[in-house]
Each structure stands twice: as structure tokens, then as C-alpha cells.
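Structural features, examined
Now for the letters of each chain:
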Amino acid sequence: MVETSTRGGVRRWPSFGVQVLVGMIVGVLLGLVARTLPGGEANWLAQALHTIGQSFVQLLKALVPPLVFTAIVGSIAALRELRNAARLVADTLAWFAITALIAVSIGIVLGVVIQPGLHAGVDRAAAALPTTTGSWADFLKGLIPANFLGLTASTSQADARLSTTLSFNVLQIIVAAIAVGAAAVRIGAAGEPFLAFNASALQIFRRLLRWVIALTPIGTAALIGDAAVRYGWTTLSSLGAFAGAIYLGLALVLLVVYPLLLAAHGLSPLRFFASAWPAIQLGFVSRSSVGTLPLTEEVTEQALGVPRAYTSFAVPLAATTKMDGCAAIYPAISAIFVAQFFGVPLHFSDYVLIVFVSVLGSAATAGMTGATVMLTLTLSTLGLPLDGVGLLLAIDPILDMGRTAVNVAGQALVPTIVAKRAGLLDLARYRSGGADGEVPAGAVAA
């Protein structure tokens, strides 16, 4: 929200974090009220919450393709000014793998110890084949852009009516942007006008982002309220052990692993979370790493002190391939759940396969239904029944909030650690949370 003043003696709006927290509380209350109104999910309040929430998410998603494209093209050009650019890229990918390895290991341990598949209050009749599946072939084919913008169209028929929807594959956009940026740099002076135009376009999209982010408290209230109406919390009862294992794993990664990694690099965990919290909050309520990407990039650069040239490369890449929640914790525990539920014994080699898929296959979630695709990819690699996915879909929206929050935190964490190790991190900005200069777009609306 917009500040009413910047000087003492005049009232201001509460901080952005407080506004989002209030939005979450209001959303829960509105959702509970909507559940008591006649008409169920079709009553006016439930419909209003759903419409407002989805409109907010659509605004975020609309900005993602141009932001990703212009940011990566700009970062390719800016990397010329950084020494050891190739080493930065290699270190980034290495830390993606390291943190994913830690996360999937925690998931395996929790799945073996808690044994959620042996404590499920559902029967096998509830099992159903998933509508979306993942495969290594689809992942490899997905790397090749179908068109310049990475857009795809699908047409479906319902009640004798045809409807066409457009979607975009972020991984394809990244591949295309890297190629275009590299070509623009390679041709020298002839590419400078294009790079200048790209830099101008990037600033325009950043300004649009600030305006959309100002609506976050309202969008938060609507999204949380919509979740309360549609899913509630009673659905957790039949799969309580599974949901508890997932959220315990997410908490261990977010509140133990990440702080330890930060502390090992001489960085304050409290300062990190204070700076990254707006993006983590938005990830929780929007359930979209891609939709949160613009804000994640803003806080990483402006509040955590990671150089813009590196942030513009690392964060968009992380938003599609760095998913400790969706691609490590969740598929590990879920695969063990399915094996236990159907009585399929897992051996040491199977756990090694789970680790392999999580560390190397998380990019397969890019541009698709992340967690479901990653889970089906894991199950098919292990030879486990895909029917088990149907058991878990009832509570997936509730789990997805926590998964995405951890994803977003990791997407800001890795660039911060790599920048610190490379001596590129602005420690003064990190310690002040950006207070000495620009503020994150999520803090105030311009």
C-alpha cells in the first residue's frame, strides 16, 4: 500500500508485512463466513473471493513472460561486466543441487520414520490416475521453444462449447532469452540498440510490477478466503500423518537448513527472512513460484544486496528449477507414502533413485503443474502405481501453500549465498535490508 507520509508526526500505513498479515486474517474470517452462507461455493461472497483472488494471480502471471525475457537478456549483457561469469553459473547450479540433496534426504528420513502410508484414513477406492504426468522425454522436448514467446494454446470442449486457453513455458522463455541475449552481445555494436531497448522495457515492467504488488494485501485476503471456502481444513483429517510429514519437512528446510547455511557463510538468518519475507508470503498465498518471481527478484537485489546482473539471471532460473518444496520434500515423502499404502517394499537403490530424480529432475516441473508432474515422474521412475496420486490431490492446495513458500525462500537463498562466496554481495545493503537506498517493490507502491 502507499505510504501517507515519510516524516514523523504524520500517520503512515502499516508496513507491507503487517498489511499482508492482516489480509491473511481477514481472508480466513471472510472464508469462514462464506462457508456459512447458503449456496456453498456458489454464494456471492465465495464467488467474489474467488474472482478477486484469481484476478490478482492473473495480473502477476501476465507480467512474468516479459519480465523473465527482458531480465535475462539484460543479465546476459550485464554479465560482461562481472568477472568469472561462467564460475557464477556453475556455482549457482551446484548450490541448487546441494540444497535439493539436503531437502530430499530430509524427506526420505521423515517418510521412513513417520510412515504416512500406513496411517492413511482413506481406502484404495479413492485412488485415481492423475490427469497430468511427467516424463523425461517431455522435459527434454520442453527445452526447445515451440515459438519465440514460449506460448502454447490448448482447446477443450465442455457442454458443446469450445474454449481455448493460452499458457507459457517459463523454461522455454529462459532458453530463448539466453540465446537472444548471447546473440545480441556477440554481434557487438549492432546489438547495442536492441540491448538499450530491452533495458528500457525492463524498467517499464518493473514499474508495472510495483503497481500490482501494491494490491498484495487485497489479493492475499481473497486467495486465503477462497482456499478456506473451497478446501477448508477438515480434509486434512484423513491424511493427517502425510500432511504433517510434509509440513514438518518444509519447516526443517525453511527454519533449520536455510538458517544454518546462511550462518555458515557469515550472514544473519534473521536479516535474510526479514528481507525475503514479502516474497515468501506472496508465494504462500499465490501458490506460484512463477507468479512470485518478480517480487523474489526485487527483494533479492534491493534488500539482500545481490548484484542486479546476477539476480536477473539466477532468480528466473531458480523460479523454474529450484524447488525444494515441490521437487524434493514433497515427491520424496509422497513416493514413500504410495509405496507404503500399496504395500510395495522400497530398497536402498529405490531411495537413491528418489534422490537422483529430485536433484536432477526438478527442472521438469517448469511450465507445468509442478508438484504433480514431479511426483508422477518420481513414481514412474520407481515403478510405483500412479493411482496413488489421486489419493493426495484432495489436500494438495493446502500443501501447495507451504511448498511454494519454501520454494521462494530457496530461490532467494542460493543467489545470496553464491554472491557472498564470490565477494559480490553488498553486505551493507544486506544488513540494512535495503534501507540505505531503493526499497523492495513489495514494501511500498510507487
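Computed from a prediction, not measured in an experiment: that's the story for all the values here. (Residues numbered from 1 in each chain as written. Predicted model: local features only at pLDDT ≥ 70, side-chain atom pairs only at ≥ 80, totals over all residues. Heavy atoms only, no water.)

1. Regarding the nonpolar core
- Phe 242, Tyr 258 and Phe 272 are the most contacted members of the largest nonpolar core, which totals 72 residues.
- Those residues in contact with Tyr 258 that lie beyond four places of it in its chain are Val 253, Phe 273, Asp 324, Val 406, Ala 409, Gly 410 and Leu 413.
- Judged by nonpolar contacts, the second largest core, of 19 residues, contains Leu 67, Leu 223, Ala 279 and Val 408. (Core = buried A, V, L, I, M, F, W, Y, C linked by side-chain atoms within 4.5 Å. Buried < 20%, exposed > 50% of the residue type's maximum accessible area, 1.4 Å probe, protein only. Contact = heavy atoms within 4.5 Å.)

2. Remarks on the side chain of Thr 416
- Summarising the element assignment, Thr 416 is placed in helix 16 (residues 396-421).
- Of note is the side chain of Thr 416, whose polar atom sits 2.8 Å from the backbone oxygen of Ala 412.
- Residues in contact with Thr 416, not counting those within four places in the same chain, are Leu 267, Phe 272, Leu 304, Val 306, Leu 425 and Tyr 430. (Helix = DSSP H or I, 4+ residues; strand = E, 2+ residues; numbered from the N terminus. Polar contact = N/O pair within 3.5 Å; in protein donor to acceptor, adjacent residues only side chain to side chain.)

3. A closer look at helix 9 (residues 269-286)
- With 18 residues, helix 9 ought to run about 26 Å at 1.5 Å a step, and its terminal C-alpha atoms sit 24 Å apart, in line with that.
- Along its length, helix 9 shows its largest kink, about 55 degrees, at Ala 276, and proline Pro 278 lies within four residues downstream of that point.
- All of the buried residues in helix 9 are Phe 272, Phe 273, Ser 275, Ala 276, Pro 278, Ala 279, Ile 280, Gln 281, Leu 282, Gly 283, Val 285 and Ser 286.
- Positive backbone phi, at 60 degrees, marks Arg 287, one or two positions downstream of helix 9. (Expected span 1.5 Å × (residues − 1). Bend = angle between axes of the 7 residues up to and from the residue.)

4. Quick word on the packing of aromatic side chains
- Summed over the entire model, instances satisfying the criterion amount to five aromatic pairs.
- Ring plane angle 65 degrees and centroid distance 6.3 Å describe the contact between Phe 242 and Tyr 330, whose orientation is recorded as edge-to-face. In this pair, Phe 242 is assigned in helix 8 (residues 240-264) and Tyr 330 in helix 12 (residues 325-341), connecting sequence segments 88 residues apart.
- Where Phe 341 meets Phe 342, the ring centres are 5.3 Å apart and the plane angle is 80 degrees; that geometry is what we call edge-to-face. Judged on exposure class, the residue Phe 341 and its partner Phe 342 are both buried.
- Three or more aromatic residues joined by ring pairs make a cluster, and in this case those are Phe 242, Tyr 330, Phe 337, Phe 341 and Phe 342.
- Directly above the aromatic system of Tyr 330 lies the positively charged group of Arg 403, at a separation of 4.2 Å from the ring centroid. (Phe/Tyr/Trp six-rings, centres within 6.5 Å; stacked < 30°, edge-to-face > 60°. Lys NZ or Arg CZ within 6 Å of the ring centre and 35° of its normal.)

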